[in-house]
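Secondary and tertiary structure notes
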Amino acid sequence: MSQSTSPTPRPSVLEIAAYVPGRSSGGTGVKQHKLSSNENPLGPSPAARAAFLDVANSLELYPDGGATLLREAIAAAYGLKPERIVCGNGSDELLSLIANAFLSPGDEAVFTEHAFLVYRIVTLAAGATPVVVAESDLTVDVDRILAAVTPKTRVVFLANPNNPTGSYTPVHEVRRLRESLPPGVLLVIDAAYAEYVRKNDYEAGIELVATREDTVMTRTFSKIHGLAGLRIGWAYAPAGVIDALHRIRGPFNVNAAAIAAGVAAIKDRAHQDRSVAHNETWLPRVTDAIRALGFGVPDSVGNFILIDFSTVPGADAAEADDFLCARGVVMRRVAAYGLPQMLRMTIGDQEANEASLAALAEYKDGLQGG
Ligand SMILES: *Cc1c(COP(=O)(O)O)cnc(C)c1O
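Residues numbered from 1 in each chain as written. Predicted model: local features only at pLDDT ≥ 70, side-chain atom pairs only at ≥ 80, totals over all residues. Heavy atoms only, no water.

**Observations concerning the site of the ligand**
- Near the ligand the following residues occur: G90, S91, D92, F116, N163, D190, A192, Y193, T220, S222, K223 and R231.
- Between D190 and the ligand, the recorded distance is 2.6 Å, taken from a side-chain N or O atom to a nitrogen atom.
- For the ligand, whose accessible area on its own is 390 Å², the fraction buried by protein is 94%.
- Residues belonging to the shell around the ligand are distributed by class as follows: 3 nonpolar, 5 polar and 4 charged. (Near = heavy atom within 4 Å. Polar contact = N/O pair within 3.5 Å; in protein donor to acceptor, adjacent residues only side chain to side chain. Areas by Shrake-Rupley, 256 points an atom, 1.4 Å probe, with all protein chains shown as cover. Nonpolar A, V, L, I, M, F, W, Y, C, P; charged D, E, K, R; others polar.)

If you want it as C-alpha cells, here you go:
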C-alpha cells in the first residue's frame, strides 16, 4: 500500500483568499433585512418567475448549449448582434473565463484598490499576477492605471460603476483609458450596475466594444433583473474574444431555467423601470438621512451605498455591523475591499430602509449616551 500525498495546486491558487459573500442573516427572533448583496428588493419580473416554473416540466432535457434564445433576447433589447454575445453562469463565470483565456503565468492584470474582489481571484487562479492601483477619493484614476501598465500587462479590469465604492468612470475617461492602453491589452468593463446609473456622462461600454477588437463588457441578471439565484451573466465582445470564450466554457454553462427566466426578464421593461424608479426614490433619501446622522456616505450611482463610521467619534464599523445585525439589519463588511471603517448597504424596500435608518440612529445615540 503506497502512502497518499496531497497534490499541490498552482502556487498562486494558495494566495487566493476565498470569496466571502455577504451574510444572509444576522440574529434570531427579529425580522431579517438582507442588505448585504445588492439584490433587487422588488424581486424578479413575475414573467421570469412563471418562465422558471414552466421549465419544471422538462428538467430531463439538456439546455441549449448556445443559450440562443437568451442571446437573441439580449441582442434585441440592446440592438446588438447575438453572435457577439456569450452568456455565463453569472458574470463571475465570464470574468473567470476571460482570465483563463487571456492570462498566463508571468502576465499581469491591472485593477484598482477597492475594485470588485473577483478580479483578484480570477487573476491568481489563472496563475497571473495582480497589479493593484491606488484610487483617488474612492474613484478610479485612469492615469494611475496607465502608469501601472508594463510590457507584461495583458488585461485591465474596470468595474463601472464600481462595487463597493459606488463611484463611476465617465465615458470620456473610459475612452481615454482605452486609447492609451498598449495594443493587445484587453480592457474588461464590468457594468453590473449599468441600468441604475442616471448620469449623462456615463456609458456602459457598448459603443467601445462595437468599434474595437480589444474591449469586452460584462453584464449581469443578478442586480436589476433580480435573478441572482439563477446565475446569469453575459458578455458583449469582439469576435476574437467570443471565439476564445466559447472554446473554454462548459458546453451547457447556462442552465435551462436561467435561459427561460432570463428571456422573460429582459423583455419585461416595465419591471426594470420600476426597479430603477425605486432606487431613484430611495438612494437619495437613504443617503441624505444617513449623512444627517453624521456618517460619511460617498456619492453612489448604484443600488448600494458605503457608510463611513470613521466620521463619527467612537463609532466602529465592525461593532456597528453586530449592532445592526442584532436588529435584523444585515449589511456587508468591506474590510476585504480595503475599507475596514465602512459597511456597504444595499438599497432595500421601504421597510428595510426605514429599519436601517432607525437602527443606525439608535447606534449613534448609544455612542453619545455612553
Ligand atoms: C454583483 C456584481 C457582479 C455580478 O456577478 P454575478 O456573477 O453576475 O452575480 C459583477 N460585478 C460586480 C462589480 C458586481 O458587484
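**Notes on the packing of helix α1 (residues 46-55) against helix α9 (residues 256-267)**
- Following both chains from N to C, one finds α1 and α9 inclined at 155°, their axes separated by 8 Å at the closest point. One way to sum up the angle between α1 and α9 is to call them roughly antiparallel. In this structure, the crossing between α1 and α9 has a hand that is right-handed. Here α1 contributes A47, A48, A51, F52 and V55 to the contact with α9, which in turn contributes A256, A257, A260, A261, A264 and A265. (Axes fitted to C-alpha atoms, helices over the stretch in contact; angles between N-to-C directions. Helix = DSSP H or I, 4+ residues; strand = E, 2+ residues; numbered from the N terminus. Parallel < 35°, antiparallel > 145°, perpendicular 65-115°, else oblique. Left-handed = near helix turned anticlockwise from the far one by under 90°. Contact = heavy atoms within 4.5 Å.)

**Overview of the UniProt feature "domain: Aminotransferase class I/classII large" (unreviewed entry) in the protein chain**
- The positions UniProt marks with the feature "domain: Aminotransferase class I/classII large" (unreviewed entry) are residues 32-359.
- The span residues 32-359 carries 39% helix and 16% strand; its end-to-end C-alpha distance comes to 13 Å. (UniProt positions renumbered as here; feature names shortened; annotations may be inferred.)

**Concerning the side chain of R84**
- Within the fold, R84 resides in the loop between α2 (68-78) and β2 (85-88).
- Buried charge without a partner: R84 forms no salt bridge, and the closest opposite charge is E213, 6.3 Å away.
- Only 2.6 Å separates the side chain of R84 from the backbone oxygen of A237, close enough to count as a polar contact.
- Apart from the residues within four sequence positions on either side, R84 is in contact with V209, A210, A235, Y236, A237, P238, A239 and I242. (Buried < 20%, exposed > 50% of the residue type's maximum accessible area, 1.4 Å probe, protein only. Lys, Arg positive; Asp, Glu negative; His and termini not counted. Salt bridge = Lys/Arg side-chain N within 4 Å of Asp/Glu carboxyl O.)

**Let's talk about helix α6 (residues 171-180)**
- Those residues of α6 lying buried are V171, V174, L177 and R178. In a view along the axis of α6, the buried residues occupy a sector of 120°, so they form one face of it.
- In this structure, the buried side of α6 is in contact with α5 (142-148), β5 (153-159), β6 (186-190), α7 (206-210) and β7 (215-220). (Arc of directions from axis to C-beta.)

**Focus on the layout of surface pockets**
- Estimated volume of the largest pocket: approximately 550 Å³.
- Among the elements of the structure, α3 (91-102) and α4 (118-125) are those that each provide at least two residues to the lining of the largest pocket.
- The biggest single contributor to the lining of the largest pocket is α4, with 5 residues.
- By volume, the second largest pocket is sized at about 470 Å³.
- Residues that form the lining of the second largest pocket fall into these classes: 7 nonpolar, 7 polar and 7 charged. (1 Å grid on protein atoms, 1.4 Å probe; cavity = no way out; pocket = protein on both sides within 12 Å on 5 of 7 lines; lining within 4 Å. Points joined across faces, edges and corners; volume = space filled by probe spheres on them.)

**Examining the pattern of salt bridges**
- Within this structure, the stated rule accounts for 17 salt bridges.
- With a shortest N-O distance of 2.8 Å, D321 and R23 are connected by a salt bridge. Here D321, found in helix α11 (residues 317-326), pairs with R23, found in the segment before β1 (33-34); they are 298 residues apart in sequence, far enough to count as distant.
- Residue D321 is classed as buried on the basis of its relative accessible area of 1%.
- Residue E280 pairs with R198 through a salt bridge whose shortest N-O separation is 3.9 Å. Taken together, the residues E280 in helix α10 (residues 269-292) and R198 in the loop between β6 and α7 connect sequence positions 82 residues apart.

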